[in-house]
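The primary structure of each chain is shown beneath.
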Amino acid sequence: MTYSSGTRSFIASVLLGMAAVTLLLAACGPVRAQQRVEPFGLQYQFPGNGATGITRQTTIILRPGDQLNSKTIKASLLTVRGAFSGLHDGTLTLSDDQRTMIFKPTTLFTYSERVLVTLRKGILTTTGRAIDSLYFTFTIQVQPSNKTTAGAPLAIAPHRSG
C-alpha cells in the first residue's frame, strides 16, 4: 500500500505520541486505582462507608435514585461478608418506592467484625441505565458488657418476717 506524505506524517505523529505516553506511564510506575465507594447517582446508603457501632441485626439499604427494574434485582449481585462470620445469605428486595434495595441477612453479624458489601453490575433502571458496581465496609458494635457499673447503688428488698 502506498500512502501520501500527509498520511505518513500523521501516522508518524500518532506513533510518536503513543511512544511518549508509554514512556510517561513507565516513568510514573504502577498506577493504583482509587477505591470507589459511591457510584454516580447513589442517593442513600446504610450503613455508610466506614460506619462503626452498627447493630448485629442491621439491614443494608441502597438507593441509586432512579426507579429500578424489579426483574434485575437479584441477591446474587450482592455479596455481604463478615470478617468473622463469613458470607451472609439473605433476601434482596425492592421497596415500595421502586428506587430502594433492601438486603436482610438471614443470620446475625458477629460483634466487632468488619463487614464488606459488594454490589456487582447487573441491576438496571427502568430506563435501561446500569447501576454502577460498588463496595463499602462498616463495623459491627462491640459486645455489651454484663458487668454492673462500679459504684452503682444496689437495690435491696426489705426483709419481712412473717
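Definitions and limits used
Residues numbered from 1 in each chain as written. Predicted model: local features only at pLDDT ≥ 70, side-chain atom pairs only at ≥ 80, totals over all residues. Heavy atoms only, no water. Helix = DSSP H or I, 4+ residues; strand = E, 2+ residues; numbered from the N terminus. Contact = heavy atoms within 4.5 Å. Areas by Shrake-Rupley, 256 points an atom, 1.4 Å probe, with all protein chains shown as cover. pLDDT = per-residue confidence, 0-100. Core = buried A, V, L, I, M, F, W, Y, C linked by side-chain atoms within 4.5 Å. Buried < 20%, exposed > 50% of the residue type's maximum accessible area, 1.4 Å probe, protein only. Pairing = 2+ DSSP bridges. Axes fitted to C-alpha atoms, helices over the stretch in contact; angles between N-to-C directions. Phe/Tyr/Trp six-rings, centres within 6.5 Å; stacked < 30°, edge-to-face > 60°. Lys NZ or Arg CZ within 6 Å of the ring centre and 35° of its normal.

Before going further, it helps to examine the overall build of the chain. Looking only at helices and strands, the chain has 1 helix and 9 strands in total. Going residue by residue from the N terminus, the α and β elements of the chain occur as α-β-β-β-β-β-β-β-β-β. When contacts within the chain are restricted to residue pairs at least 6 apart in sequence, long-range pairs at least 24 apart make up 62% of them. In the form shown here, the chain has an accessible surface area of approximately 11,400 Å², with 57% of it arising from carbon and sulfur atoms.

Below, the discussion takes up the confidence of the model for the chain. Reading fine detail from the predicted coordinates is not recommended where pLDDT is low. The share of residues in the chain with pLDDT of 70 or more is 65%, and the mean pLDDT across the chain is 79. Per-residue pLDDT stays below 50 along residues 19–40; that stretch engages in 13 contacts with residues further than four places along the chain or on separate chains.

Take the nonpolar core next. Leu78, Val80, Met101, Val117, Leu119, Ile123 and Phe138 are the most contacted members of the largest nonpolar core, which has 23 residues in total. Looking at this core, the elements with two or more residues in it are strand E2 (51–54), strand E3 (60–63), strand E4 (78–82), strand E6 (90–94), strand E7 (101–105), strand E8 (114–119) and strand E9 (134–140). Considering each element in turn, this core owes the most residues, 4 residues, to E9. Ignoring sequence-local partners within four residues, the contact set of Met101 consists of Ile60, Ile61, Leu62, Pro64, Leu68, Ile73, Leu92, Thr93, Leu119 and Ile123.

Attention now moves to the sheet that holds E3. If you walk across this open sheet you meet the 4 strands as E1-E3-E7-E6, and the pairing is antiparallel. The outermost strands of the open sheet, each flanked by one partner alone, are strand E1 (44–46) and E6. Shown here is a sheet whose adjacent strand axes are inclined to one another by a mean of 15°, direction ignored. The pairing of E6 with E7 spans 5 bridges and is classified as antiparallel. Counterpart to Leu92 in the pairing with E7 is Phe103.

All chains considered together, the criterion is met by 2 aromatic pairs. Relative to Phe138, the ring of Phe109 has its centre 6.0 Å away and its plane inclined at 85°; by these criteria the two rings are edge-to-face. Placement of Phe109 in the loop between E7 and E8 and of Phe138 in strand E9 is noted, with a sequence separation of 29 residues between them. Their ring planes at 35° and their centres at 6.5 Å tell us that Phe136 and Phe138 sit as a pair that is tilted. One exposure class covers both Phe136 and Phe138, and it is buried. Three or more aromatic residues link up through ring pairs in this structure, and these residues are Phe109, Phe136 and Phe138. Above the face of the Tyr111 ring, Arg56 is positioned so that its terminal group lies 4.4 Å from the ring centre.

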